[in-house]
Amino acid sequence: MSTVHRSKKNQARPVRKGLHPRNLHNQGYDFPALVKNHPALAPHVKPNAHGDLSINFADPLAVKTLNAALLNRYYDIVDWDIPEGALCPPIPGRADYIHYIADLLGPEQPNIKLLDIGTGANGIYPILACQIYGWQCVGSDINTQSLENVATIIANNPTLKDRFALRTQPDKNHIFEGIIQAGEFFDVSVCNPPFHASLDEAVKGSQLKLNNLARSRGEQKAKTKSPTLNFGGLGAELWCKGGEQLFLKKLIKESQVYSTQCRWFTSLVSKADNVKPAKKLIRKLGAVDIREIEMKQGNKITRVLAWTFI
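Everything numeric in this text was worked out from a predicted model, so none of it was measured.

Undergrad: I keep staring at the overall build of the protein chain and nothing clicks. Help me out?
TA: Counting secondary structure elements, the protein chain contains nine helices and nine strands. Buried positions account for 53% of the 310 residues belonging to the protein chain. Taking the intrachain contacts of the protein chain between residues at least 6 apart in sequence as the baseline, contacts between residues at least 24 apart amount to 68%. Surface exposure of the protein chain reaches about 15,100 Å², of which carbon and sulfur atoms provide 53%.

Structural data, given as structure tokens:
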């Protein structure tokens, strides 16, 4: 297991309420330490309306550079990068998912094998699972360019080379088929489904997010008329036909086919309204245990749905 670095507690930094107790980002962002470790972040760090050091979270480059700095300082990952427009995940929230999955699987289990459905160009869940817990991971995606980018990250980080493998999903109509191989067993699968039903819906969602960020800076609304997707998202990363609800339905139905090859199936569910129908379908298909895990980061609440047939 890799050594991860804990920053010294800084009383001036606000506690991120609700993050998992083992999450290294519970004390907020230590910008001076991050800049010292990753000088490329320096131009993006400025005092906000409250006089605290921060970055412009509406700027995709600033968000990406912050991620690279966090991965470098806390998880010993160098040269993390993503192509322009690719989904740029918030590291504290993604680390939370992995910590809660570790709780689900039980304490100190050796040789855990994780499958990340739709690992994207960032590969964030396997990277964190490898570096925090030393798990073996497989990341799948339909986008070969995204996988090529993750392959570069793996090549630049020797600790990932023997732990993180990549597989291409050749058929957009399938999730596990073509990825889970005959005789193979995973302890857990994780997934961050595309949450919008169309590109237009994704753009509107991004505009809303930018307006909220503007209000937090004391502005009435975002100045840009055609919003940049500040956390990015190429095609299938952000939207798919039917949105999150239909994707979850496909994921759950196909999980039953592979019920003996994966101990726990899990997925983030961003829309609360999608939880009840998903649980109903899981029960109908014969799962023996269903868990809903709530995660909090500040005022934001997300949830992980987990189910098993074993």
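Let us keep going from here.
Undergrad: Hey, could you run me through helix α2 (residues 60-75) in this one?
TA: Relative to the 22 Å expected for 16 residues at 1.5 Å per residue, α2 spans 22 Å between its end C-alpha atoms, a close match to the ideal helical length. Along α2, 14 of the 16 residues are buried, which leaves the element largely enclosed by surrounding structure. Structurally, the start of α2 carries an N-cap: the backbone nitrogen of Leu61 is 3.0 Å from a side-chain oxygen of Asp59. Asp76 lies just past α2 and shows a positive phi near 55 degrees.

Undergrad: Hey, could you run me through the sheet that holds strand β9 (residues 300-308) in this one?
TA: In a beta sheet, neighbouring strands are held together by backbone hydrogen bonds and run either parallel or antiparallel to one another. Pairing within the open sheet is mixed, and its seven strands lie in the order β5-β4-β3-β6-β7-β9-β8. The open sheet is flanked by β5 (164-168) and β8 (289-297), the only strands paired with a single partner. Averaged over neighbouring strand pairs, the angle between their axes works out to 20 degrees when direction is ignored. With five bridges connecting them, strand β4 (residues 136-141) and β5 associate as parallel partners. From the neighbouring strand, Asp141 faces β5, where its bridge partner is Thr168. Strands β3 (113-117), β6 (186-191), β7 (262-269) and β9 of the sheet are contacted by helix α8 (residues 243-257), whose axis makes an angle of about 175 degrees with β7.

Undergrad: Is there a simple way to think about unusual backbone geometry in this case?
TA: A negative phi angle is the norm for most residues apart from glycine, just as the trans form is the norm for most peptide bonds. Positive phi is not limited to glycine here, since Asp76 has a value of about 55 degrees. By the element assignment, Asp76 lies in the loop between α2 and α3 (91-105). Residue Asp76 is classed as partly exposed on the basis of its relative accessible area of 30%. The backbone of Asp79 sits at a positive phi, close to 55 degrees, despite the residue not being glycine. Here Asp79 is to be found in the loop between α2 and α3. In this structure Asp79 comes out as exposed when scored by relative accessible area, which is 56%.

What counts, and where the lines are drawn
Starting from 1, residues in each chain are numbered consecutively following that chain's sequence as written. It should be noted that, the model being predicted, local features are given only for residues of pLDDT at least 70 and side-chain atom pairs only at 80 or more, the latter also being counted only at that level, while totals for whole chains, interfaces and linings use all residues. Only hydrogens and water are set aside; all other atoms, that is, all heavy atoms of the structure, feed into the side-chain values. A run of DSSP states H or I qualifies as a helix once it reaches four residues; a run of E qualifies as a strand once it reaches two. Both are numbered from the N-terminal end. Type-normalised accessible area, obtained with a 1.4 Å probe on protein chains alone, sets the label of each residue: buried when under 20%, exposed when over 50%, and partly exposed for intermediate values. Any two residues whose heavy atoms approach within 4.5 Å are treated as being in contact. The method behind every accessible area is Shrake-Rupley, applied with a 1.4 Å probe, and residues are considered shielded solely by the protein chains displayed. One less than the number of residues in a helix, times 1.5 Å, gives the span that helix is expected to have. Each polar contact in these results corresponds to two N or O atoms within 3.5 Å; when the atoms are within protein, one needs to be able to donate a hydrogen and the other to accept it, and residues that are neighboring in sequence are counted only if both atoms are side-chain atoms. Two strands make a pair as long as DSSP finds a minimum of two bridges between them. Interaxial angles span 0 to 180 degrees and are taken between N-to-C directions of axes, which are lines fitted to C-alpha atoms, for helices over the stretch in contact.

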